[in-house]
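Descriptive analysis of the structure
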Amino acid sequence: MSATTKKTPEQIDFLQEYNLSSKRDYIGRVTQYDKAECSQKAKQWGFDYWDGERQYGYGGYKYDGRWLPFAQKLLKPYDIKPGDRILDIGCGKGYLLYEFTRAVPGVEVAGLDISQYAIEHAKDEVKPFLTQGHCRKLPYADKSFDFVYSNTTLHNLPPEDLYPALKEIARVMKDKAWICVESFRNEKEKANLLYWQLTCEAFYSPKGWKWWYEHCGYPGDFGFVYFE
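In this report, the structure presented in the accompanying data block is examined. Quick caveat: nothing in here was measured; it's all calculated off a predicted structure. Along each chain, residues carry numbers from 1 onward, in the same order as the chain's sequence is written. The predicted nature of this model means local features are confined to residues of pLDDT at least 70 and side-chain atom pairs, given and counted, to a pLDDT of 80 or more, with totals for whole chains, interfaces and linings taken over all residues. To obtain the side-chain values, all non-hydrogen atoms of the structure were included, while hydrogens and water were left out.

1. Examining the pattern of salt bridges
Basically, it comes down to this: The working definition used for a salt bridge is a side-chain nitrogen of Lys or Arg within 4 Å of a carboxyl oxygen of Asp or Glu. Numbering goes from the N terminus for both helices and strands, where a helix is a DSSP run of H or I of at least four residues and a strand is a run of E of at least two. Type-normalised accessible area, obtained with a 1.4 Å probe on protein chains alone, sets the label of each residue: buried when under 20%, exposed when over 50%, and partly exposed for intermediate values.
On inspection of all chains with the given rule, the structure shows 18 salt bridges. The shortest N-O distance in the salt bridge between lysine 73 and glutamate 17 comes to 2.3 Å. Of this pair, lysine 73 sits in helix H5 (residues 68-75) while glutamate 17 sits in helix H1 (residues 16-20); the two residues are 56 residues apart in sequence, bridging distant segments of the chain. Between aspartate 124 and lysine 127 there is a salt bridge, with the nearest N and O atoms lying 3.8 Å from each other. Exposure remark for lysine 127: the relative accessible area of 30% places this residue in the partly exposed category. The network of salt bridges with shared partners includes Asp51, Lys62 and Lys93.

2. Overview of the sheet that holds strand S5 (residues 177-183)
Here is the rule we go by: What makes two strands pair is DSSP finding at least two bridges between them. Simply put, an axis is a line fit to the C-alpha atoms, just over the touching stretch for a helix, and the angle between two N-to-C directions goes from 0 to 180 degrees. Residue contacts are counted whenever heavy atoms from the two residues lie within 4.5 Å of one another.
As summarised here, the arrangement of the six strands in space is S3-S2-S1-S4-S5-S6, forming an open sheet in which the pairing is parallel. Whereas interior strands pair on both sides, the edge strands pair on one side only; in this sheet they are strand S3 (130-132) and strand S6 (221-226). Across this sheet, the average inter-strand angle for adjacent strands is 20°, counted without regard to direction. As defined by bridge partners, strand S1 (residues 85-89) adjoins strand S2 (residues 108-113) across five bridges and the pair is classed as parallel. Bridging across to S2, arginine 85 finds its partner in glutamate 108. Packed onto the sheet, H5 meets S1, strand S4 (147-151) and S5 and runs at close to 135° relative to S4.

3. Concerning a nonpolar patch on the surface
Going by this rule: Like-charged residues are merged into a patch within 9 Å and nonpolar side chains (Val, Leu, Ile, Met, Phe, Trp, Tyr) within 5 Å, provided each residue has over 30% relative accessible area and no salt bridge. Surface accessibility in these figures is a Shrake-Rupley result with a 1.4 Å probe; residues are shielded only by whichever protein chains are displayed.
Taken together, Ile27, Val30 and Tyr195 make up a surface patch of nonpolar side chains, about 230 Å² in accessible area. Among the structural elements, isoleucine 27 can be located in helix H2 (residues 26-31). Judged by relative accessible area, isoleucine 27 falls into the partly exposed class, the value being 47%.

4. Examining the packing of aromatic side chains
So the rule is basically this: The aromatic pairing rule takes the rings of Phe, Tyr and Trp, using the six-membered ring of Trp, and pairs them if the centres are within 6.5 Å, calling planes under 30 degrees apart stacked, those over 60 edge-to-face and the rest tilted.
Under the counting rule described, the total for this entry stands at 28 aromatic pairs. Relative to tyrosine 95, the ring of tyrosine 61 lies with its centre 5.0 Å away and its plane at 25°, an arrangement referred to as stacked. Here tyrosine 61, found in the loop between helix H4 (47-51) and H5, pairs with tyrosine 95, found in helix H6 (residues 95-103); they are 34 residues apart in sequence, far enough to count as distant. Here tyrosine 95 falls in the buried class, since its relative accessible area comes to 8%. Judged by centre distance (6.1 Å) and plane angle (50°), the ring pair of tyrosine 204 and tryptophan 212 falls under tilted.

Here it is, written out as structure tokens:
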């Protein structure tokens, strides 16, 4: 059933194959570094997180064009057309938003991120459309976006922020959205997530996340990444 006609939210794990392509030393993350100090720096969402050493975050987040195939894969089932409006919550430096404009020329894009550093160092083509802010209160009108997207962002919120953020996403979307968060299906994946994460505040299995989506009235699709 297509995303334009289905009546119930669908789990679509668009991102897991990309996540599996990264090799990680989970044990080393907690034995080679001061994990508490690394998390503290990461949660400042500044240079260290984006472009500093790997133990603090991305280890250098540069545009290299690798995400265009993912943008094409993500947008295709949602029948996104020129003139449609796309919102990226947790947009970072706006690289994926830029790929959206390449995948479907003529779309209008907007992005929101908590990191002023990321926005200041964003892709020039989309920088004018990015806003610094928190997703618990979105500065957009009701039903103003044809597609709302959030990739590995909402698990960084504690419950008191997660609840209003999901309500806000439901408010600004029309009928198409996809949220992806970090999760776990077994104890090994839970342990790996706990070892690897730097900024995560919400640790839920897929069943737990689905409860949140239903509880908050989020009607869109969703997916997960797992640390196998």
